[in-house]
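# Tertiary structure, described
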Amino acid sequence: MALDRRGFLKFVAGGVIGTGLTPLPWKLTDDISIWTQNWPWIPHIPDGEINSAPALAKLGQPEYGILVSKVKGSPILARGNPNHPLSQGGIDPLAASSVQLLHSPARIRQPMRKKNGAFQAISWEQAIQEIAPKLSGLKGQKNKVACVSGDETSSTNEILAGLLQGLGSEKFFFHPGETTLYHHIWQKIMGGRGHLGFDLPGADLVLSLGPDLLESWGNAVSQQYLFGQGTFRLLYAGPVQNNTAAMASRWIPVHSDALGHLALALAYHILKKRSPPRQNLSGFRQLHRYVRHNYTPLEAQKKTGLEEATIQSLAGELLQARRPLVLPGSLSGSCDVSGFDLYCGFCLNLLLDRLNTAGGMQCIPEPPKVVPGAPSWSKMLSGDLLAELRRIAQGSTEAPELMLFYESNPVYSLPDSKLTRKALEKIPYKVSFSQFMDETAATCDLLLPQHHFLERLDDAFTPFSSAAANYSVGLPVLEPVHSTRSTPDLLLDLSGKLELDLGAESYETLLKEKAGLLDADWGKLTSGGMWRNNTVVSQDRLELWNDRISRMLGQDRERPDKYQVHMVPQTDRRTGSPRTAIPPFGLKTLREEELEQNTFFIRLNRQTARKNGVREGSLVKIVSPEGTCRAKVNLDEGVMTDAVVVPLGFGHTYWDQFSRGKGDNALQLFGIRCESGSGMCHCSTPRVRISKIEAAR
Amino acid sequence: MSSKKKGGIMPFLLGIAAALVVGWIIFPKVLYVQETQPVRFSHKLHMEQIGECNLCHSNREERAYATRMPSTKDCALCHYTALTGSSEEKELVREYIKKDKQVPWKASQKQPDNVYFSHLAHKDLECRQCHFDMENRDNLPPKYVNRLTGYTKTTMKMHECERCHARENTSNACYVCHK
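Parameters and conventions
- Residues numbered from 1 in each chain as written.
- Chains lettered and ligands numbered in written order.
- Predicted model: local features only at pLDDT ≥ 70, side-chain atom pairs only at ≥ 80, totals over all residues.
- Heavy atoms only, no water.
- Helix = DSSP H or I, 4+ residues; strand = E, 2+ residues; numbered from the N terminus.
- Rg over C-alpha atoms; globule rule 2.2 N^0.38 Å.
- Buried < 20%, exposed > 50% of the residue type's maximum accessible area, 1.4 Å probe, protein only.
- Contact = heavy atoms within 4.5 Å.
- Lys, Arg positive; Asp, Glu negative; His and termini not counted.
- Charge placed at Lys NZ, Arg CZ, Asp CG, Glu CD.
- Disulfide = S-S within 2.5 Å.
- Polar contact = N/O pair within 3.5 Å; in protein donor to acceptor, adjacent residues only side chain to side chain.
- Buried area = accessible area lost by both parts, 1.4 Å probe.
- Salt bridge = Lys/Arg side-chain N within 4 Å of Asp/Glu carboxyl O.
- Core = buried A, V, L, I, M, F, W, Y, C linked by side-chain atoms within 4.5 Å.
- Domains from an automatic or database assignment.
- Expected span 1.5 Å × (residues − 1).

Moving on, we come to the overall build of chain A. Helices and strands together make up the secondary structure of chain A, namely 24 helices and 30 strands. What you see for chain A is a C-alpha radius of gyration of 28 Å, in line with the 26 Å of a compact globule of 697 residues. For chain A, the spread of C-alpha atoms along the three principal axes comes to 120 × 65 × 50 Å. A total of 697 residues make up chain A; the buried ones form 62% of that total. Summarising the internal contacts of chain A: among those between residues at least 6 apart in sequence, 74% fall at separations of at least 24. Between the averaged position of the 76 positive side-chain charges in chain A and that of its 70 negative side-chain charges there is a distance of 4 Å.

Below you can see the structure in the form of structure tokens.
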């Protein structure tokens, strides 16, 4: 059979039809579409055996041991460490993003110097040549160098504070947060010793007066685990049905500025039904008299907005419990709590005899000092950064010549950002050790990037809210990705050049010495274990009443009439922490009613919305005396009337594309409030005004 | 004229037949590269001895990371020395266990890098629902790698994930699998 032209065409036509009856065209089309996704520059997860290495999560509170899974030496995943008592196998969304953050585009890859308003890359030798003469020139001049640290648990603080002491400065400050505020009220106002911890594992009833302890207060990871074990019954008092309220046996809706009053209203019933506490409490009678006169059931109802029966039943539950524990604190796990609220919560625990006892408040001893010239931990916690910045901005104190920022981003995360900026502008030379190009690093003159926590040796002594003294050490799990340096080792090098003896050759030696002083096993610490000691500090004489307390209790708490809505700040680790911005993992998990394009959502109930003339989806302006934010409305009946939930963590102006320009920074609505009596400056939880901009949908 | 007409149909039929042969037989052979496993392994025998998958495939501990091939340490728990006279086992002990070298197993169901698959989230399913009848196999299946995509022949495609999610009333939103 000869194949002519016609026959050939028939063969081709048959071939085409036949091909359509095979998987070839469909499979080929599908495979080509997949092939177009496989570009060589897209990173691939390596194949091979998976190994785990212990590490210590150091992205801000909470801090606990984690495990990093590695394939062929490359970290691929961070997960909870079941053998670390502060993790128990749990991990929070920010720590879960830690491997991803190693490769964040916001990471500072090498030292940088600002010249003519722009950063230029320099070598480490050039960086040291730049800073060493400046520090040397300021040596011996009182308070010319200052430092802000946002890591409350690392021994690096001792090196920083010791270096400052050697240079003649006492201006070491911790970034304001719950640790500093609790310390201030406990030690300076009530005359307590040690620092406070809370024995949640030992309690059978926990009353949280504000803290969202399953999300943002203390070590939420460990608290979630304990709650899951059912070791305690949980009651929550606060203005919003957050995660803690949703899981609690009872939610008692109370506005944030009434939480301290609720504590004293409960004290009224406890004082009536219980004998005086065994602890030696100076001023017990005065407090008794004050509560009896000012928190009668009628007064309590007026001050808290709660029915008398609710307060009575709550007091009854506390009295019936064998090991009750009251937790006063911030709604957002930050510095938005007043001295008054803390004092009232501490008093309630003391009246219930819940000090240094199982399931109560614990007075934890200070960490041992390993840098000879460094101040004590208590002294380091005593600095009040908000008060200092206010004084610098107002010109009532001289600005330091040089300021160091360690793991702290005050330009973004402090209240009254205008005042913070004004104060920082007065400081001629600023140095940041930040790993990331954050808002504060961008204002600095010299950047000396620290390793990512997975690349460095670091430690954590008794993170906030721990029940007992504890100590953990994290070893690096990989070689540094960029040309960064360990800040404590850099500081030790610098101290050598400045002829200051900080008592250690390297950070490793220093941590080993600390472990030795604690009688902790270095091998166990570095293999993911934790040292723990249940020793508590006995209290000679606590003060329930003194001049400062009476002034603090007596101050006027009324707010201007035009700001009527209580702002409830809410922290979510998916949107980062005060020192870490939204990680890419976190951004992916935000729902469309949390962030829509670049606008975040506030939550309020229908009645509040109606009162303020807004509705679901309205684009609104939130105005406080300190600032303004733009948001959309999400109606939520889990929020009290006249309250609005505003999420934190948005509105970064630096960092990377995953966090920059996403929503507004709600912290700009906060002001700084320096309380009369306690003398403590804190972020004031503002009342705000909500007004509609336009109908958005 | 009539014989011409008959001859005229034959090229058309031949075209169809040739296309069917190419499309069904030659194309799959060309598209996939066959890779054999480095060590012979009987799931059937091991299931008879051990009785559960998790002992070697501890995926649930790894939680978010899909592939968890047994490490040499896992094998060494039983095979630190050869248990039988089998030459394959002797090779495993000599070449991998004694040298503490990872066996380069060929994972035939590895998910692509852009898929975030958690075994923990799927722990209520039977292993065989996705991994076929692996527990009754006396040898490991060869791995067929697609030359174009790099995927394996048995990589679960997105529509299969979606179908099961829909059936189980689980969200099919993009971020559930693609982080």
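Turning next to the state of the cysteines. Residue and element names in this part refer to chain A. Per the stated rule, a full pass over the model turns up two disulfides over all chains. Note that Cys 335 is cross-linked by a disulfide to Cys 683, the S-S spacing being 2.0 Å. Of this pair, Cys 335 sits in the loop between strand S13 (324-328) and helix H14 (339-351) while Cys 683 sits in strand S29 (residues 681-684), and the two are 348 residues apart along the sequence. A single burial state applies to Cys 335 and to Cys 683, both of which are buried.

What follows is about the environment of Asp 489 of chain A. Residues and elements named next belong to chain A. Along the chain, Asp 489 turns up in helix H19 (residues 487-497). Each C-alpha atom of the pair Asp 489 and Leu 454 lies 16 Å from the other, and the pair is 35 residues apart in sequence. The residues contacting Asp 489, other than those within four sequence positions of it, are Ser 506 and Tyr 507. A polar contact is formed between the side chain of Asp 489 and the side chain of Ser 486, at a distance of 3.2 Å.

A word on the interface of chain B and chain A. Listed per partner, the contact involves 40 residues of chain B and 40 residues of chain A. Of the roughly 3,200 Å² buried between chain B and chain A, counting both surfaces, carbon and sulfur atoms make up 66%. There are one salt bridge connecting chain B and chain A. A salt bridge links Asp 30 of chain A to Lys 157 of chain B; its shortest N-O distance comes to 2.4 Å.

Once that is clear, we can look at the nonpolar core. All names here are of chain A. Within the largest apolar cluster, 115 residues are counted, with the highest numbers of intra-cluster contacts made by Met 190, Phe 198, Leu 200, Tyr 343, Phe 346, Leu 544 and Ile 602. The greatest single-element share of this core, amounting to 10 residues, is contributed by helix H10 (residues 259-273). The residues that make up this core include at least three from each of domain 2 (195-364) and domain 3 (558-694). Aside from chain neighbours lying at most four places away, what touches Leu 200 is Val 206, Leu 213, Trp 217, Gln 223, Leu 226, Phe 232, Leu 325 and Leu 327.

All names here are of chain A. A cis amide bond, omega 0°, links Gln 61 with the succeeding residue Pro 62. You can see Pro 62 is positioned in the loop between strand S1 (50-56) and strand S2 (65-71). Phi at Asn 116 is positive, roughly 50°, even though this residue is not glycine. Mapped onto the elements, Asn 116 comes out in the loop between strand S4 (112-115) and strand S5 (118-121). Taking relative accessible area as the criterion, Asn 116 reaches 79% and is therefore assigned exposed. Of note in the backbone geometry, Gln 597 takes a positive phi value of approximately 50° without being a glycine. Positionally, Gln 597 belongs in the loop between strand S23 (595-596) and strand S24 (599-604).

Our next topic: helix H6 (residues 156-167) of chain A. Note on helix geometry: an α-helix contains 3.6 residues per turn, so any two residues three or four positions apart are oriented the same way. Residues and elements named next belong to chain A. When the terminal C-alpha atoms of H6 are compared, their 17 Å separation across 12 residues agrees well with the 16 Å that a helix rising 1.5 Å per residue should span. The element H6 is largely enclosed, with a buried count of 10 among its 12 residues. Of the positions making up H6, those classed as buried are Thr 156, Asn 157, Glu 158, Ile 159, Leu 160, Ala 161, Gly 162, Leu 163, Leu 164 and Leu 167.

Turning our eyes to something else, we now look at the domain arrangement of chain A. Residues and elements named next belong to chain A. Along its sequence, chain A is organised into domain 1 (112-178 + 368-461 + 469-533), domain 2 (195-364) and domain 3 (558-694). Relative to domain 3, the C-alpha centre of domain 1 lies at a distance of 31 Å. If you look at the interface, domain 1 gives 21 residues, while domain 3 gives 22 residues. In total, domain 1 and domain 3 occlude about 1,900 Å² of area from one another, counting both sides; carbon and sulfur atoms represent 58% of this. Among the residues domain 1 hides against domain 3, the three largest losses belong to Tyr 412, Pro 415 and Glu 439. Together they make up 32% of the total. One salt bridge in this structure joins Arg 579 and Glu 407, with 3.4 Å as the shortest N-O distance. Connecting domain 1 to domain 3 are 14 residue pairs in polar contact (both at pLDDT 80 or more).

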